[in-house]
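Listed here are the chains, written in short residue letters.
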Amino acid sequence: MNNVNMIQCDNLTYKYVNSEDKLEKYAINGVNLEVKKGEFLVILGHNGSGKSTMAKHMNALLLPSGGKVYVDGIDSSDLSKTWEIRSRAGMVFQNPDNQIVATIVEEDVAFGPENLGVPPEEIRNRVDESLKKVGMYEYRRHAPHLLSGGQKQRVAIAGILAMRPKCIILDEPTAMLDPSGRKEVIRTIKDVNKEYGITIILITHYMEEAVEADRIVVMDEGKVKLEGTPKEVFSNVSLMKKIGLDVPQVTELAYELRNCGINIKNDILTINEMVDELCRLK
Ligand code: ADP
Ligand code: MG
């Protein structure tokens, strides 16, 4: 086990057993993956490719059928360490309403550290600090159900931060949000990564969110199909399409222009890069 890794999966497999016919189905099939401390990793893949199953292994919500998962060096199958793992690697889910447990924002954020047995005065500090980090401090006495989706997800992130994690895993946290809610949540996730050095593993369907990552992993049929920087991954336009995934719109435009014989770079991710390339052509 290498101690620069926040998460390490060694030949991970996971099978679900159908409760009726007892048939086994591999949701994860031999995945090797290392996530470095401080990294911002995005996982892409179409529905059913095994992303959520993978995510749940990263904080011991699921344990491997085969292979190993280490979270900050701790073997996830060591049952005496499950709470230790969950305090180091927190998880945010898709539906903000399913994650709220209290009727006041600050009580909701206090729930995690309370469960960890943190002393009350320390909880007070952590709640205030976490709500400030996600820009929700002024809403601390509000009722969560009156907040917008983006605000609820930021409260959910604050609840994780209050446990002082080293890593946060977010499983499609923006899927139910409108564009402005999506933007505020992504900005919060990036701040938490860049300013506080917390490792981020973000599962998303939005390619513009993936462009922001240090590295992207593409899953297909329970396996890692493609891996690299956003430029490396998105330059594989035809393979991405074959897997059933999109690439950013400007990347696709560059790809189509190349197909028409125009000599343009194949790893364009932003509008500015596209403008520079087009101006170079004339
Ligand atoms: P994704 O998050 O990429 O959509 P999942 O990890 O949810 O993929 O699912 C991977 C595969 O495992 C799918 O084929 C799915 O049908 C199956 N699966 C997921 N959860 C269960 C479950 N609780 N019981 C049986 N099969 C499941
Ligand atoms: Mg999923």
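The structure this text deals with has already been given above.
The notes below deal with the structure included here. Nothing here was measured: the structure is a model prediction, and the numbers come from that model.

Quick look at helix α10 (residues 249–259) now. When we look at burial in α10, the residues that qualify are V250, T251 and A254. For α10, the angular spread of buried residues about the axis comes to 105°, placing them on one side. Of the exposed residues in α10, the ones pointing more than 90 degrees away from its buried face are Q249 and N259. If you follow the buried residues of α10, they end up packed against α8 (230–234), α9 (237–243) and α11 (271–281). Two residues or fewer after α10 comes G261, characterised by a positive phi angle close to 90°.

Now for the site of ligand 1. The local shell around ligand 1 consists of Y16, K25, A27, H46, N47, G48, S49, G50, K51, S52 and T53. A distance of 2.8 Å separates an oxygen atom of ligand 1 from a polar side-chain atom of K51. Taking 560 Å² as the accessible area of ligand 1 by itself, protein coverage stands at 61%. Secondary-structure elements contributing two or more residues to the shell around ligand 1 are β2 (24–36) and α1 (51–57). Among the elements that line the shell around ligand 1, the one with the most residues is α1, at three residues.

Attention shifts here to the packing of α10 against α11. Running from N to C, α10 and α11 point in directions that differ by 25°, and their axes come no closer than 9 Å. If you check the angle between α10 and α11, you find them roughly parallel. Where α10 crosses over α11, the two elements pack in a sense that is left-handed. For the pair α10 and α11, the contacting residues are V250, L253, A254 and L257 in the first and I271, M274 and L278 in the second. Class assignment of the residues belonging to the contact of α10 with α11 gives a composition of seven nonpolar, no polar and no charged.

Quick look at the sheet that holds strand β10 (residues 223–228) now. Taken in spatial order, the six strands of this open sheet run β6-β7-β8-β3-β9-β10, and their pairing is mixed. If you trace the sheet from one side to the other, it starts and ends with β6 (89–92) and β10, each paired once. Adjacent strand axes in the sheet meet at a mean angle of 20°, parallel and antiparallel pairs treated alike. By the bridge criterion, four bridges tie strand β3 (residues 40–44) to strand β9 (residues 215–220) in an arrangement that is parallel. Its bridge partner being in β9, L41 is matched across the sheet by R215. In the packing of helix α5 (residues 149–161) onto the sheet, the strands contacted are β6 and β7 (167–171), and the crossing angle to β6 comes to about 165°. Helix α6 (residues 179–196) contacts β3, β7 and β8 (199–203) of the sheet and is inclined by roughly 155° relative to β8.

Time to look at the nonpolar core. Counting 46 residues, the largest nonpolar core has L44, I168 and F234 as its most contacted members. No other element matches α5, which puts six residues into this core. Composition of this core by domain shows at least three residues from each of domain 1 (1–92 + 167–230) and domain 2 (96–164). Setting aside residues up to four positions removed in sequence, L44 forms contacts with K51, T204, M207, A210, I216, V217, V218, M219, F234, M240 and L245. The next biggest cluster of nonpolar side chains, apart from the first, holds 28 residues, and it includes M6, L41, M91 and C167.

Turning our eyes to something else, we now look at the sheet that holds strand β1 (residues 5–17). In spatial order, the strands read β2-β1-β4-β5; together these four strands make up an open sheet with antiparallel pairing. Only two strands of the sheet have a single neighbouring strand rather than two, namely β2 and β5 (74–75). With two bridges joining them, strand β4 (residues 66–71) and β5 adopt antiparallel strand pairing. Bridged to V71 within β5 is I74.

Attention shifts here to the packing of helix α3 (residues 105–115) against α5. The geometry of α3 relative to α5 is characterised by a closest axis approach of 7 Å and an angle of 40° between their N-to-C directions. Seen along the crossing, α3 lies across α5 with a hand that is right-handed. Contacts between α3 and α5 involve V105, D108 and V109 from the former and V155, A158 and G159 from the latter. Class assignment for the residues of the contact of α3 with α5 results in four nonpolar, one polar and one charged.

With that out of the way, let us pick up α5. An ideal rise of 1.5 Å per residue puts 18 Å on 13 residues; α5 measures up with 18 Å between its terminal C-alpha atoms. Taking burial as the measure, the 13 residues of α5 include 12 buried ones, the bulk of the element. Within the sequence span of α5, burial applies to G150, Q151, K152, Q153, R154, V155, A156, I157, A158, G159, I160 and L161. Taken together, the buried residues of α5 touch β6, α3, α4 (120–133), β7 and α6.

Thresholds, definitions, all that
- Residues numbered from 1 in each chain as written.
- Chains lettered and ligands numbered in written order.
- Predicted model: local features only at pLDDT ≥ 70, side-chain atom pairs only at ≥ 80, totals over all residues.
- Heavy atoms only, no water.
- Buried < 20%, exposed > 50% of the residue type's maximum accessible area, 1.4 Å probe, protein only.
- Helix = DSSP H or I, 4+ residues; strand = E, 2+ residues; numbered from the N terminus.
- Arc of directions from axis to C-beta.
- Contact = heavy atoms within 4.5 Å.
- Near = heavy atom within 4 Å.
- Polar contact = N/O pair within 3.5 Å; in protein donor to acceptor, adjacent residues only side chain to side chain.
- Areas by Shrake-Rupley, 256 points an atom, 1.4 Å probe, with all protein chains shown as cover.
- Axes fitted to C-alpha atoms, helices over the stretch in contact; angles between N-to-C directions.
- Parallel < 35°, antiparallel > 145°, perpendicular 65-115°, else oblique.
- Left-handed = near helix turned anticlockwise from the far one by under 90°.
- Nonpolar A, V, L, I, M, F, W, Y, C, P; charged D, E, K, R; others polar.
- Pairing = 2+ DSSP bridges.
- Core = buried A, V, L, I, M, F, W, Y, C linked by side-chain atoms within 4.5 Å.
- Domains from an automatic or database assignment.
- Expected span 1.5 Å × (residues − 1).

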